[in-house]
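A look at the structure
The primary structure of each chain is shown beneath.
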Amino acid sequence: MLNIIVASSDADQLDELVNGACEIGQQMNPRVRMDVKLATSMQQLEQKKNSHTALVIVSDALTGQDQDINAVVTYAKSLAVQVQPPACIVVSDRMELYRTIQTIKRCELLIVDNSTNYVDQCVQLARRLDIIPDDPTAPPEGPSSPAETRAPPSPGPAISSTGPKTKYALLEVELPRDPNFGLVYLELHEESGKIWKDQIQPLRLDKSELEELIKDSNILKTNLSKWQQDPVKWKRHYDEWHAVYRKLGERVARLLWGSKSFSAYYNNGRGFAKDNIRIRFNLEEPWFDGLWEALSAEQDSRNLILENTLTRRVILQNKLEQFGNGETQIDAEGGTLNVLVIQSDVSHDSVPNGPDDPLWRRYWASYKGTLPSLPHLEQEVKALRDLKKLYGKSAGNLRINVEVLPHKSAPPGKKWSLAQKVEDHLADVSARYDVVHFAGHALFAEGPVKSDDRGYLVFSGFPQPEAVPIARVASWLKNAGVQLVYLSCCRSSAASAALEFSRCDIPMAIGFHWDLDDAKAPVFARQFYQELLATKLKVCPAVSNARRKLFQEYDKGDPIWASPVLIAQPKDWAAIEEVLKIAAREKQIARKPVARPAKARPAASPESRPAA
């Protein structure tokens, strides 16, 4: 006779865990008798455990004291070193224990809150620990499972949402510095706005394969930029770029669909929402530069970014922090979308003046060149001005206003700085912008030069343009309440830019993987803003639609459709769907407030809030 021990000093939780243990016992081998034993202290737990114990379910509530929280982890570790260790499920409301628990042999963590379905989650974890054999009547969890047969996940907390009233699934992949602690989780969003959350699952991706993917991604981005500089060379290398990009996408797919949890959740989400799936990669810096958007479908080489929304989020300090102060509620009922365009022209063979520090001097010495002029900037700015003419009065319930800095050309020979003009302009409390669109040069360290991990934006001026650290620019934008930064720059999706913007609580940024084609940059910009207005400020669909239309327009292959990267920082996905708050803009300016206008918080009762 085998036994399961359930240990907790919380009487209500103990009852719930006993129900889970009983269900596990019923689903184990029916020819073997299973006994469930209870323990309300560590001493009782140790007394009741014996050679017939198949599973220990132990809660961190067993000690009843926060300072003794490590006692449960220590006990789980002590089980793992035994010759024939029983399986162990640690029960806690502390997600920070996950990475520790995943390093312990035959041990899993059950994260609980006031909405946890203990029975379902206990059975799920017991199956993962091979305590319960796979159910032959259940649909398989791998890629071969028909999407339509996958049942929705066990409902987590249902929360009210002011986001889009469409049915979609959100699949999030978290890759911290140590990929052994990679995670995947799923949210199902109903038309009513309710959200159902499933249990967080481990990914377990291979570190060496990840490192090779990052290396080959960077090689392709560097080669593509070189090929595009020569029209003859580019024509010769186009097929090579396309083939390498497709192969990288297949490698990303093998990594992810090789994870049983990712495959099951993707099929589950697809069964719930058909192809209306959002995938977000939460990445710590070592993995940020991979071409994750190249992800192909599991059965063929279709690019998922042409069917689904793929975005990124930056992991700060080895954890996903709550974005900003949580005030990212959307109000898109009317008003004006205010766009500030920074047109940073530089003359050919420019040498920028950077910060007075050794990092900048070392970086520029490694650059070994000068900055070229950017002839497409005038065309790009004209495309945005034309949008103001088309949509300045009305675009449904929305209008767009486009303001360009500098307002006019500086007199010849007079000293001036666009960086100073931008900083002063954004410091004015009456100047509030939803979007800042920077068109110019961005500089990032590459190759062996790793001593300066900062990024720089180059602002025009006389007698020299100025290279300003992105951290400084981000502080200007934060003070102005900017919601979206559009970096129309070469390789502006670099981790340096994303990290600095995220640290300054800027919700979203759009950058590019590789050097921009002079002719295509204005085309994508115009298409994106048109889609942004057409979708009523839903940034994710706007990027996806613009990408798809450029793919169709440019012979299904010009790299412009594959280059854009959407970096979305808010923790609440509803805030990402419609992140731009523009209502009552004219009233705010008329009042000339002395402090940043407050943003509305989502109306959610305590019992309807999502679990931490």
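Preceding this paragraph is the structure being described.
Procedures and definitions
Residues numbered from 1 in each chain as written. Predicted model: local features only at pLDDT ≥ 70, side-chain atom pairs only at ≥ 80, totals over all residues. Heavy atoms only, no water. Helix = DSSP H or I, 4+ residues; strand = E, 2+ residues; numbered from the N terminus. Buried < 20%, exposed > 50% of the residue type's maximum accessible area, 1.4 Å probe, protein only. Contact = heavy atoms within 4.5 Å. Areas by Shrake-Rupley, 256 points an atom, 1.4 Å probe, with all protein chains shown as cover. Pairing = 2+ DSSP bridges. Axes fitted to C-alpha atoms, helices over the stretch in contact; angles between N-to-C directions. Patch = residues over 30% accessible without salt bridge, like charges linked within 9 Å, V, L, I, M, F, W, Y side chains within 5 Å. Salt bridge = Lys/Arg side-chain N within 4 Å of Asp/Glu carboxyl O. Lys, Arg positive; Asp, Glu negative; His and termini not counted. Charge placed at Lys NZ, Arg CZ, Asp CG, Glu CD. Parallel < 35°, antiparallel > 145°, perpendicular 65-115°, else oblique. Left-handed = near helix turned anticlockwise from the far one by under 90°. Nonpolar A, V, L, I, M, F, W, Y, C, P; charged D, E, K, R; others polar. Expected span 1.5 Å × (residues − 1). Phe/Tyr/Trp six-rings, centres within 6.5 Å; stacked < 30°, edge-to-face > 60°. Lys NZ or Arg CZ within 6 Å of the ring centre and 35° of its normal. Core = buried A, V, L, I, M, F, W, Y, C linked by side-chain atoms within 4.5 Å.

This part takes up the overall build of the chain. Looking only at helices and strands, the chain features 17 helices and 22 strands. Among the 612 residues that make up the chain, the fraction classed as buried is 54%. Put simply, 73% of the contacts in the chain that link residues at least 6 apart link residues at least 24 apart. Split by element, the accessible area of the chain, about 26,700 Å² in all, is 49% carbon and sulfur.

Time to look at the sheet that holds strand β4 (residues 87–92). Reading across from one edge, β2-β1-β3-β4-β5 is the order of the five strands in this open sheet, with parallel pairing throughout. Each of the sheet's edge strands pairs with one partner strand only, and the pair in question is β2 (34–39) and β5 (107–111). Across this sheet, the average inter-strand angle for adjacent strands is 15°, counted without regard to direction. Pairing geometry for β4 and β5, over five bridges, is parallel. Note that in β5 the partner of V90 across the bridge is L109. Its contacts with the sheet place helix α5 (residues 118–128) against β4 and β5, and it is angled at close to 160° to β5.

This part is about a negative patch on the surface. Together, D10, D12, D15 and E16 line one region of the surface with negative charge. The topology assignment puts D10 in the loop between β1 (2–7) and α1 (11–27). Owing to a relative accessible area of 35%, D10 belongs among the partly exposed residues under this scheme.

The next thing to look at is the packing of helix α11 (residues 418–427) against helix α12 (residues 470–479). The interhelical angle for the contact between α11 and α12, taken along N-to-C directions, is 30°, at an axis separation of 9 Å. When the axis of α11 is compared with that of α12, the two are roughly parallel. The two elements α11 and α12 meet at a crossing, and its hand is left-handed. From α11, A419, V422, E423 and L426 reach across to α12, where they touch R472, W476 and L477. Across the contact of α11 with α12, the residue classes tally to five nonpolar, no polar and two charged.

Further remarks concern helix α7 (residues 231–257). Look at α7: 38 Å from first C-alpha to last across 27 residues, which is about the 39 Å you get at 1.5 Å a residue. For α7, the set of buried residues is W234, H237, W241, Y245, L248, G249, V252, A253, L255, L256 and W257. Turning to α7, the residues buried within the fold contact β6 (168–175), α6 (207–228), α8 (260–273) and β10 (277–283).

With respect to the helices and strands, the residue L38 is situated in strand β2. Its relative accessible area of 36% is what places L38 among the partly exposed residues. As a C-alpha pair, L38 and L14 span 24 residues in sequence and 8.2 Å in three-dimensional space. Once you skip the residues sitting within four places of it in the chain, L38 turns out to touch V6, L14, V18, Q44 and K48.

Inspection of the entire model under this criterion finds 20 aromatic pairs. Residues Y486 and Y529 carry aromatic rings whose centres are separated by 5.9 Å and whose planes lie at 25° to one another, so their mutual orientation is stacked. Highlighted residues: Y486 in strand β20 (residues 484–488) and Y529 in helix α14 (residues 521–534), separated in sequence by 43 residues. Accessibility assignment for this pair places Y486 and Y529 in one class, buried. Of the aromatic side chains, those joined through ring pairs into one cluster are W360, Y363, W364, Y367 and Y456. A cation over an aromatic ring shows up here: K167 above the ring of F272, its NZ or CZ 4.6 Å from the ring centre.

Another aspect to go through is unusual backbone geometry. The omega angle of the peptide bond from L405 to P406 is 0°, so this bond is cis rather than trans. Structurally, the position occupied by P406 is in the loop between β13 (399–405) and β14 (416–417). Cis geometry is adopted by the peptide bond preceding P463, which originates at F462 and carries an omega value of 15°. Tracing the chain through its elements places P463 in the loop between β18 (461–462) and β19 (466–469). The residue R106 is not glycine, and still its phi comes out positive at about 55°. On the secondary structure map, R106 appears in the loop between α4 (98–101) and β5. Even without a glycine there, the phi angle at D130 is positive, about 65°. The topology assignment puts D130 in the loop between α5 and β6. Overall, D130 belongs to the exposed group, its relative accessible area being 65%.

Let us look at the nonpolar core. Grouped together as the largest cluster of nonpolar side chains are 119 residues, with contacts concentrated most on W241, Y245, L295, F459, F501 and F528. Looking at this core, the element that brings in the most residues is α7, giving nine residues. Judged by nonpolar contacts, the second largest core, of 25 residues, contains I4, L17, V112 and I132.

Pairing in this open sheet of three strands is antiparallel, and the strands run β16-β17-β19 from one edge to the other. Both outer strands of the open sheet, β16 (441–444) and β19, are each paired with one neighbouring strand and no more. Sheet twist, expressed as the mean angle between neighbouring strand axes with direction ignored, is 30°. Direction of pairing for strand β17 (residues 455–459) relative to β19: antiparallel, over a ladder of four bridges. Looking at β19, one finds that V458 is bridged to A467.

Contact geometry of α6 with α7 gives a least axis separation of 10 Å together with a crossing angle of 160°. Overall, the two elements α6 and α7 adopt an arrangement that is roughly antiparallel. Pair α6 / α7 crosses with left-handed handedness. When α6 is examined against α7, the residues E209, L210, E212, L213, D216, S217, L220, L224, K226, W227 and Q228 are found in contact with a partner set consisting of K233, W234, H237, E240, W241, V244, Y245, L248, R251, V252 and L255. Classifying every residue of the contact of α6 with α7 gives 12 nonpolar, three polar and seven charged.

Moving on, we get to the pattern of salt bridges. Per the counting criterion, the structure on display carries 16 salt bridges. Between E172 and R280 there is a salt bridge, with its nearest N and O atoms 2.9 Å apart. Of this pair, E172 sits in strand β6 while R280 is found in strand β10, placing the two residues 108 residues apart along the sequence. For R280, a relative accessible area of 0% corresponds to the buried category. Where R472 meets E466, a salt bridge forms, and the shortest distance between an N and an O atom there is 3.6 Å. Classification of R472 by relative accessible area gives partly exposed; the value is 30%. Residues joined by salt bridges that share partners form a network here, namely E108, R128 and R204.

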